[in-house]
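Results of the structural survey
Next come the chains, spelled out residue by residue.
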Amino acid sequence: MATNLYHLLIDGHTVWVVLAWAVVSSLVRFGTAAARQRLRAPTVLLSMHLITVVLVAAVDASGYDTTGLAVAALAFELLAAVGVAQVLLFWIALPRVGVSVPRIVVDVVTAIASLIALIAVGKRAGFSVTGLITTSAVLTAVLGFAMQDTLGNLMGGLALQMDSSIKVGDWIALGPGQPSGQVTEIRWRYTALETRSWETIIVPNSMLMKGQVVVFGRRQGQPERVRRQIDFHIDFRTPPTEVLDVVRRGIFTDRVPNMASEPAPQVLFLNVRDSYAVYCVRYWLEDIAVDDPTDSEVRVRIYFALLRAGLSMSIPAQTLFVTADTDERRDRKQREEQARRLTAVGKVDLFEPLGPDERVRVAEQLRHTPFAAGEVVCHEGDDDECLYMLVRGEAAVRIGQGPTMREVARLGSGQFFGEMSLMTGEPRSASVVAMTDLDCYLLDKESFRELVRARPALTDRIAELLAARREALASVRGQADEARSKRLETAKQDLLGRIRNFFSLDEKR
Ligand code: CMP
């Protein structure tokens with residue numbers, strides 16, 4: 001038996017296996033390092049085969065039984081053949097034609113081929129491995145129990161490959177807040193993740209099947225993106241619109257590499273804390289591997305944009321303001337405020353005819369009313385009655401809404417608005433919207449009534465402006481049909497009458 005087997009080995013397949021190995025090992029020199037590494041196991045098996053063949057010959061010559069050695073030689077030969085075939089097919093031939101087979105498929109096919117080879121060897125040696133497994137209930141139970149986890153991992157790995165829920169190259173984490181890494185390979189037992197800190201996490205496939213997995217940057221039908229958030233703190237006294245504008249310009253003008261343009265980055269006012277206002281830049285990252293470097297670049301941009309605008313970042317701090325509220329301090333504060341209001345009065349054309357005392361009286365009645373860009377100062381159709389004086393910024397006068405909305409005029413520093421409802425008692429004729437941050441002062445109906453009573457000439461001035469504004473409104477509304485000058489004069493007279501009536505003024509002045 002031993003001699004037959006020995007001759008069978010020597011005369012038969014060994015030559016072919018060695019030849020195949022030689023061809024593959026010369027081809028693999030031009031292949032990848034991974035392919036060369038894969039040939040190591042078949043090389044060792046082939047060497048073991050050759051050694052056992054020589055041993056069979058030697059032991060046979062000395063007249064001892066060589067059955068065991070011959071079986072081992074055959075097993076080594078067949079396993080070496082399977083290994084060589086695996087390298088040739090999966091690591092040389094298929095990559096040449098551009099087919100890449102998942103690693104787990106290579107592992108499973110090789111494992112099955114090796115098992116078949118061992119069963120064949122067992123048969124040759126006179127015992128049936130399959131019979132052993134099927135007839136021995138205890139062995140089957142023990143094997144099944146021992147392989148429970150392994151089979152779970154194997155099935156998990158195959159399922160992951162089939163449904164493509166996780167692919168090589170994906171960035172994943174085992175649940176929110178867990179360490180993350182890039183999938184480098186999915187094997188029959190585990191999936192390997194490489195982290196940014198050069199660690200490799202080995203995750204059993206069954207864990208990936210049972211637990212929640214976060215796949216970063218994946219969204220149906222969208223390119224790969226990950227949202228990042230960079231917080232920064234600014235003194236709470238700085239107008240938020242200014243901060244948002246400055247940082248937006250710093251980021252949008254010249255886009256940071258790896259920052260996606262779609263979805264567009266956002267600059268947001270998040271919160272006000274103990275001693276500072278919290279803002280953030282949210283942007284979408286294109287290449288997940290470079291998250292921290294891109295964040296850093298965004299922080300640099302924010303820092304310099306703020307610096308250029310004369311703003312600086314705040315650090316969290318606790319400040320205790322202790323102020324002695326003395327009469328002197330109160331007077332000083334009042335004087336400063338009055339000076340600010342007087343400057344505002346001086347900027348508004350309407351108050352030009354007023355003398356110094358009248359200006360002081362008006363200034364005392366004013367209320368500082370700032371608006372952020374985009375805010376609506378007054379709405380068309382509303383019933384409130386007060387006059388706004390614009391001392392800084394730009395506002396748009398608009399009529400209509402949505403697609404029918406039209407702009408009637410732009411108002412700038414030194415102009416006033418809201419006079420139409422105030423003087424005629426009619427609802428607001430238009431909406432006034434802040435195009436930039438606005439510094440306005442507000443005069444209420446009672447204070448204005450007092451002023452007009454003391455200086456009836458003002459009504460003339462206002463009526464003239466009001467008539468012109470009405471005309472502009474009418475022409476935008478498409479109601480400009482009469483001769484313009486004639487209509488203006490009539491309108492002015494008509495308005496004067498209504499204004500005087502509304503404020504109960506005498507005809508004589
Ligand atoms: P009022 O109608 O109270 O509220 C809206 C304000 O918009 C209105 O007063 C005017 O002050 C202003 N307004 C309306 N039409 C014009 C215009 N053509 N030019 C400038 N301002 C206008």
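Remember, it's a predicted structure, so these values are computed and weren't measured experimentally.

1. Thoughts on the pattern of salt bridges
Evaluation of the coordinates by the stated rule reveals 28 salt bridges. Asp254 is the partner of Arg301 in a salt bridge, and the nearest nitrogen-oxygen pair spans 3.8 Å. Pair noted here: Arg301 is in helix 12 (residues 291-308) and Asp254 is in the loop between helix 11 (240-252) and strand 7 (266-272), with a separation of 47 residues, a long-range link. Residue Glu336 pairs with Arg332 through a salt bridge whose shortest N-O separation is 3.5 Å.

2. A few points about the site of the ligand
Inspection of the region around the ligand gives 16 residues, with Gly418, Glu419, Ser421, Arg428 and Ser429 positioned closest. Glu419 places a side-chain nitrogen or oxygen 2.5 Å from an oxygen atom of the ligand. The contact in question runs from an oxygen atom of the ligand to an N or O atom on the backbone of Met420, over 3.5 Å. Here the ligand loses 97% of its free accessible area of 460 Å² to cover by the protein chains. Of the residues in the shell around the ligand, the class split is ten nonpolar, three polar and three charged.

3. A word on the pairing of strand 15 (residues 431-434)
Burial along strand 15 is two-sided: Ser431 and Val433 facing one way and Val432 and Ala434 facing the other are all buried. The sheet contact formed by strand 10 (residues 376-378) and strand 15 spans two bridges and is antiparallel. Bridging from a neighbouring strand, Val376 pairs with Val433 of strand 15. Here strand 12 (residues 395-399) runs beside strand 15; their pairing, made up of four bridges, is antiparallel. Each bridged residue has a counterpart across the sheet, and for Arg398 the counterpart in strand 15 is Ser431.

4. Some thoughts on the nonpolar core
The biggest cluster of nonpolar side chains holds 49 residues, and the ones touching the most others in it are Phe351 and Phe448. If sequence neighbours within four positions are ignored, Phe448 has contacts with Leu387, Leu422, Met423, Leu443, Ile462 and Phe503. Among the nonpolar cores identified, the runner-up in size contains 21 residues, and Val247, Met259, Leu285 and Leu311 belong to it.

5. Considering the sheet that holds strand 13 (residues 406-411)
Across the sheet, four strands lie side by side as 10-15-12-13; this open sheet has antiparallel pairing. Every other strand in the sheet has two partners, leaving strand 10 and strand 13 as the edge strands with one partner each. For this sheet, the mean angle separating the axes of adjacent strands, direction not counted, is 30°. Across the sheet, helix 17 (residues 457-476) lies against strand 12 and strand 13, angled at about 155° from strand 13, the strand it touches most.

6. Looking at the pairing of strand 11 (residues 386-392)
Strand 11 sits mainly inside the fold: six of its seven residues count as buried. Pairing between strand 11 and strand 14 (residues 416-417): two bridges, direction antiparallel. Residue pairing for strand 14: Tyr388 is matched across the bridge by Phe417.

7. Section: the sheet that holds strand 11
One open sheet accounts for four strands, arranged 9-16-11-14; its pairing is antiparallel. A single partner strand is all that each edge strand has here, and the edge strands are strand 9 (367-371) and strand 14.

8. Describing unusual backbone geometry
Outside of glycine, negative phi angles account for most residues, and trans bonds account for most peptide bonds. Residues Glu262 and Pro263 are joined by a peptide bond in cis, for which omega reads -5°. Following the sequence through the fold, Pro263 ends up in the loop between helix 11 and strand 7. Phi at Ser164 takes a positive value of approximately 55°, unusual for a residue other than glycine. Along the chain, Ser164 falls in the loop between helix 9 (148-163) and strand 1 (171-173).

9. Digging into the packing of helix 11 against helix 12
Two elements in contact, helix 11 and helix 12, have axes separated by 8 Å at closest approach and are oriented at 130°. As summarised for this structure, helix 11 and helix 12 are arranged oblique, according to the angle between their axes. Crossing of helix 11 over helix 12 shows right-handed handedness. Residue-level inspection shows Val246, Val247, Gly250 and Ile251 of helix 11 in contact with helix 12, the latter providing Val298, Arg301, Ile302, Ala305, Leu306 and Arg308. Within the contact of helix 11 with helix 12, the residues separate by chemical class into seven nonpolar, one polar and two charged.

10. Details of the packing of aromatic side chains
Following the criterion strictly, the structure yields five aromatic pairs and no others. Each ring, one from Phe371 and one from Tyr388, has its centre 6.3 Å from the other, and the planes form 65°; the classification is edge-to-face. With Phe371 in strand 9 and Tyr388 in strand 11, this residue pair connects regions lying 17 residues apart in the sequence. An identical accessibility class is assigned to Phe371 and Tyr388; each is buried. Through a chain of ring-to-ring contacts, the aromatic side chains of Phe232, Phe269 and Tyr279 assemble into a single cluster. When the ring centre of Phe236 is taken as origin, the NZ or CZ atom of Arg237, which lies over that ring, is 5.4 Å away.

11. Focus on the environment of Glu407
Locating Glu407 in the fold gives a position in strand 13. For Glu407, a relative accessible area of 35% gives the class partly exposed. Glu407 sits 69 residues away from Val476 along the chain, and the two C-alpha atoms are 8.3 Å apart. Not counting chain neighbours up to four residues away, the residues in contact with Glu407 comprise Ala396, Val397 and Arg398.

12. A closer look at a nonpolar patch on the surface
The grouping of Val300, Tyr303, Phe304, Leu307 and Met313 at the surface amounts to a nonpolar patch, some 460 Å² of accessible area in total. Here Leu307 shows up in helix 12.

13. Looking at helix 11
The end-to-end C-alpha separation of helix 11 is 18 Å, in line with the 18 Å expected for 13 residues at 1.5 Å each. Considered for burial, the residues of helix 11 that qualify are Val243, Leu244, Val246, Val247, Gly250 and Ile251. Along the long axis of helix 11, the arc covered by the buried residues comes to 165°, so they all point the same way. Elements in contact with the buried residues of helix 11: strand 6 (226-234), strand 7, strand 8 (277-285) and helix 12.

14. Notes on the packing of helix 2 (residues 13-28) against helix 4 (residues 40-61)
At a minimum axis distance of 11 Å, the contact between helix 2 and helix 4 shows a crossing angle of 150°. In terms of orientation, helix 2 and helix 4 fall into the roughly antiparallel class. Between helix 2 and helix 4 lies a crossing whose hand is left-handed. Taking contact as the criterion, the partners of Thr14, Val17, Val18 and Trp21 in helix 2 are, on helix 4, Thr43, Leu46, His49 and Leu50. In terms of residue class, the contact of helix 2 with helix 4 is made up of five nonpolar, three polar and no charged.

Procedures and definitions
Residues numbered from 1 in each chain as written. Predicted model: local features only at pLDDT ≥ 70, side-chain atom pairs only at ≥ 80, totals over all residues. Heavy atoms only, no water. Salt bridge = Lys/Arg side-chain N within 4 Å of Asp/Glu carboxyl O. Helix = DSSP H or I, 4+ residues; strand = E, 2+ residues; numbered from the N terminus. Near = heavy atom within 4 Å. Polar contact = N/O pair within 3.5 Å; in protein donor to acceptor, adjacent residues only side chain to side chain. Areas by Shrake-Rupley, 256 points an atom, 1.4 Å probe, with all protein chains shown as cover. Nonpolar A, V, L, I, M, F, W, Y, C, P; charged D, E, K, R; others polar. Buried < 20%, exposed > 50% of the residue type's maximum accessible area, 1.4 Å probe, protein only. Pairing = 2+ DSSP bridges. Core = buried A, V, L, I, M, F, W, Y, C linked by side-chain atoms within 4.5 Å. Contact = heavy atoms within 4.5 Å. Axes fitted to C-alpha atoms, helices over the stretch in contact; angles between N-to-C directions. Parallel < 35°, antiparallel > 145°, perpendicular 65-115°, else oblique. Left-handed = near helix turned anticlockwise from the far one by under 90°. Phe/Tyr/Trp six-rings, centres within 6.5 Å; stacked < 30°, edge-to-face > 60°. Lys NZ or Arg CZ within 6 Å of the ring centre and 35° of its normal. Patch = residues over 30% accessible without salt bridge, like charges linked within 9 Å, V, L, I, M, F, W, Y side chains within 5 Å. Expected span 1.5 Å × (residues − 1). Arc of directions from axis to C-beta.

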